[in-house]
Amino acid sequence: MSPKSEVFRAALHLPPDVLPEADFRAPVRPAWILLDSQAYMVNVWNETAAGNTTLDGLHIQVSFVVAEPPRLSYCCICCTNREENPFACVPRIVASVEDLALIEVDFTTGVRQWSYRRTRGPSLHLLPDFRPYCQKERIVEAYGLMSHDEGTQFVLAALSYSIDGQYTLHTFRSSESEWTQWLLQVDYGLTKEARLIDPTHVIALQDGLLGWVDLWEGILICDVFAYFALPSGNGMPPAGSRFIPMPKPLPSNQQLYLLHDSDTVELHLRFRITHGSTPARRRRAMNMRLSAGGSIVSWYRELTWDHWFLPCSALPHPLPDLSSQLDLPLDRLDRSMEQQAAAREGKLEELELPTLDLEHESSSSLTEQLAAACRDAGVFRLVNHGVPGDLTARLFRLTRQLLDMDPAEKAKLPGYFWGTPALSLRVKELNWVEGLHVAPDAHDASGDSPDGGAYSAFRQVVTAEYVAHMARIARKLFDALAGGEELALDAAQRASYLEEHGGTFRAYRYPACDPAGQHLGMEPHTDSSVLSILNMDLVGGLQVLRRDGGADGPISRWCAVRPVEGTLVVNLGDMMQAMSGDAYRSVEHRVVAPPTGTERMSLCYFAFPQDDAVIVPNPGKEERYRAFSYREFREQVQADIKATGAKVGLARFRIQYPSPATQ
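Not measured: the values here are computed from a predicted model.

Student: Outline unusual backbone geometry, listing residues and values.
Tutor: Look at glutamate 98: it is not a glycine, yet its phi comes out positive at around 50°. The phi dihedral of alanine 488 falls on the positive side, at around 50°, and the residue is not glycine. Locating alanine 488 in the fold gives a position in the loop between helix H8 (452-482) and helix H9 (491-496).

Right under this line is the structure:
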């Protein structure tokens with residue numbers, strides 16, 4: 001960023017979207033701000049201004065243009081006693097915590113670092129340089145900053161490393177006004193292999209822990225406070241110096257590291273880092289680049305774990321509109337992590353499903369109750385459905401017989417899958433599940449299977465008996481809804497919008513998995529169907545995403561669905577949501593893998609429209625989606641999965657993307 005660069009010239013003026021001058025000079029005191037990491041070389045005088053003088057006689061003034069989030073706030077730096085510009089590069093904020101910011105300024109005469117503090121009046125102090133201590137080591141260009149002694153002091157930490165992978169920790173305590181160095185001996189875990197990292201930022205945890213984050217390699221965690229009791233240069237590492245490798249990007253996302261700027265958009269993300277049971281609020285503005293149409297997958301882990309956990313979709317995914325700034329609500333991530341802990345302890349809230357009697361309800365009563373259940377929860381329970389209990393037991397037994405085969409042999413079974421039922425999804429390891437898929441047009445491949453007799457018996461029960469019951473139930477439910485005001489379908493639409501005899505059957509088995517509750521048998525998703533009919537055993541593990549305030553409610557939480565013997569659970573799919581113009585919602589759901597000593601089994605029937613059925617909005621309702629055929633939807637889903645590793649779904653066909661808060 002030399003003085004001749006476009007970036008340097010742009011930093012000589014505040015961004016065009018900044019608040020009007022009269023506004024940013026007025027006192028604005030939000031509880032927290034999103035601070036741009038790039039400073040601007042302009043003279044702004046307001047109540048945040050502080051100044052100091054360098055050894056070269058340059059008087060430096062620092063101030064902030066503060067705005068309420070999600071708008072960015074900006075740091076402004078100028079030299080008040082020189083007409084010529086003394087800056088060699090654009091100044092930057094290299095670290096911040098609470099009311100403290102570390103600012104790095106590259107003058108034409110050398111690099112200087114300053115600490116800015118807001119409490120008890122703005123103050124600016126020049127810090128001594130630690131670079132002379134590094135000799136031939138490479139300096140890590142990411143600094144950690146922590147409050148100390150109840151906020152009256154601060155600690156600044158930096159890393160350097162030699163070519164052989166030896167790290168040195170450099171710390172500066174404001175109470176001592178000097179740098180101290182220690183050699184680190186890092187615990188690299190089971191691999192024992194030293195890793196050189198290129199961190200983009202540092203996260204501050206509680207109790208003196210800092211983490212240098214390389215988004216590709218991992219996080220180097222150091223217990224900075226523990227070193228204060230050691231003599232300088234002592235190589236004996238206190239507890240807490242360890243390396244945590246990052247979960248590797250999904251194969252379809254690794255290409256993002258090679259993208260050109262023209263292929264990406266920039267999002268401003270907020271993060272909260274937690275340690276133990278007490279949250280330590282550390283918010284930063286950070287640039288993250290994602291390809292258009294991408295999605296966000298969130299992972300987390302506790303420091304004591306030896307693995308990462310893939311939780312629910314705590315962050316909006318897929319991204320609704322990548323051309324605009326997205327403000328990610330941290331409370332959703334907090335609730336997600338709290339709910340994961342509750343799920344591990346068996347304390348997840350249980351959702352009381354509406355129960356419908358399929359045999360004894362009159363047509364009008366069934367329509368009324370169905371419509372209410374679909375508007376409220378989108379998932380309900382069926383009793384007196386007419387599926388014999390011995391048929392369910394027989395199908396479970398045949399499924400288990402096939403899945404108990406040797407792994408190499410059962411992999412040859414027609415329709416066998418492991419890891420995900422989305423057969424074209426390349427990333428198989430996300431789901432802890434195996435099963436058998438039977439398509440409506442599948443030929444009898446018994447002769448191709450390693451155990452033709454067992455598979456033939458299984459397929460015969462599925463196609464000749466079980467699917468017939470499912471088709472009957474699907475048609476009865478759909479016809480009851482079709483006459484309601486939310487759908488109001490004519491005879492042709494009723495026939496094409498549900499091809500009940502063309503549905504898909506899947507049998508699932510979720511093997512035991514430890515640690516209990518920390519792995520997903522199936523990741524959060526919605527079904528592409530009109531409706532899905534689930535017949536599950538009594539082990540449990542199914543969870544649905546419940547929104548407070550209705551389908552568009554801004555607050556969501558995962559709730560457990562209690563299995564009840566002899567009942568079926570029905571959830572709505574994407575096609576029902578499109579047909580109803582969002583009056584009925586496709587239900588996001590997931591399955592938690594069972595603990596050691598047990599396994600979970602379920603049977604599911606997915607009812608779809610005819611391939612050429614064109615889904616059009618109800619003439620009496622607001623148009624939410626453009627007209628599309630089910631074939632077009634299905635092919636788009638497969639294309640998205642192939643391209644991004646994730647389903648985008650109905651968002652592709654929405655006339656206008658909703659705001660991020662409703663995703």
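Student: Outline the environment of glutamate 588, listing residues and values.
Tutor: Tracing the backbone through its elements, the reader meets glutamate 588 in the loop between helix H10 (574-579) and strand E32 (589-592). Each C-alpha atom, one on glutamate 588 and one on leucine 545, is 5.6 Å from the other, the two residues being 43 residues apart in sequence.

Student: Quick rundown of the sheet that holds strand E16 (residues 218-223)? Include the residues and the values.
Tutor: In spatial order, the strands read E14-E15-E16-E17; together these four strands make up an open sheet with antiparallel pairing. Bordering the open sheet on either side are strand E14 (201-204) and strand E17 (242-245), each of which pairs with just one other strand. Averaged over all neighbouring strand pairs, the angle between strand axes comes to 25°, with direction disregarded. Sheet topology note: the strand E15 (residues 209-214)/E16 ladder contains six bridges and is antiparallel. Bridge pairing links glycine 211 to isoleucine 221 in E16.

Student: Can you tell me about the sheet that holds strand E4 (residues 72-79), naming the residues and giving the values?
Tutor: The mixed open sheet is built from four strands, whose spatial order is E1-E4-E3-E2. Two strands bound the open sheet, and with one partner strand each, they are strand E1 (34-35) and strand E2 (50-53). Pairing analysis gives six bridges linking strand E3 (residues 59-65) to E4, with the strands arranged antiparallel. Along E4, the bridge assignment pairs glutamine 61 with cysteine 78.

Student: So, the packing of aromatic side chains: which residues are in play, and what are the values?
Tutor: Enumeration over the complete set of coordinates arrives at 18 aromatic pairs. Ring plane angle 70° and centroid distance 5.6 Å describe the contact between tryptophan 418 and tryptophan 432, whose orientation is recorded as edge-to-face. Taken as a pair, tryptophan 418 in strand E24 (residues 416-418) and tryptophan 432 in the loop between E24 and strand E25 (434-438) lie far apart in primary sequence, 14 residues in all. In this structure tryptophan 418 comes out as partly exposed when scored by relative accessible area, which is 35%. A ring pair is formed by tyrosine 630 and phenylalanine 633, whose centres lie 6.4 Å apart and whose planes are at 25°; its orientation type is stacked. With tyrosine 630 and phenylalanine 633 both in helix H11 (residues 630-644) and three residues apart, this pair spans about one turn of that helix. Both residues of the pair, tyrosine 630 and phenylalanine 633, count as buried.

Cut-offs applied
- Residues numbered from 1 in each chain as written.
- Predicted model: local features only at pLDDT ≥ 70, side-chain atom pairs only at ≥ 80, totals over all residues.
- Heavy atoms only, no water.
- Helix = DSSP H or I, 4+ residues; strand = E, 2+ residues; numbered from the N terminus.
- Pairing = 2+ DSSP bridges.
- Axes fitted to C-alpha atoms, helices over the stretch in contact; angles between N-to-C directions.
- Phe/Tyr/Trp six-rings, centres within 6.5 Å; stacked < 30°, edge-to-face > 60°.
- Buried < 20%, exposed > 50% of the residue type's maximum accessible area, 1.4 Å probe, protein only.

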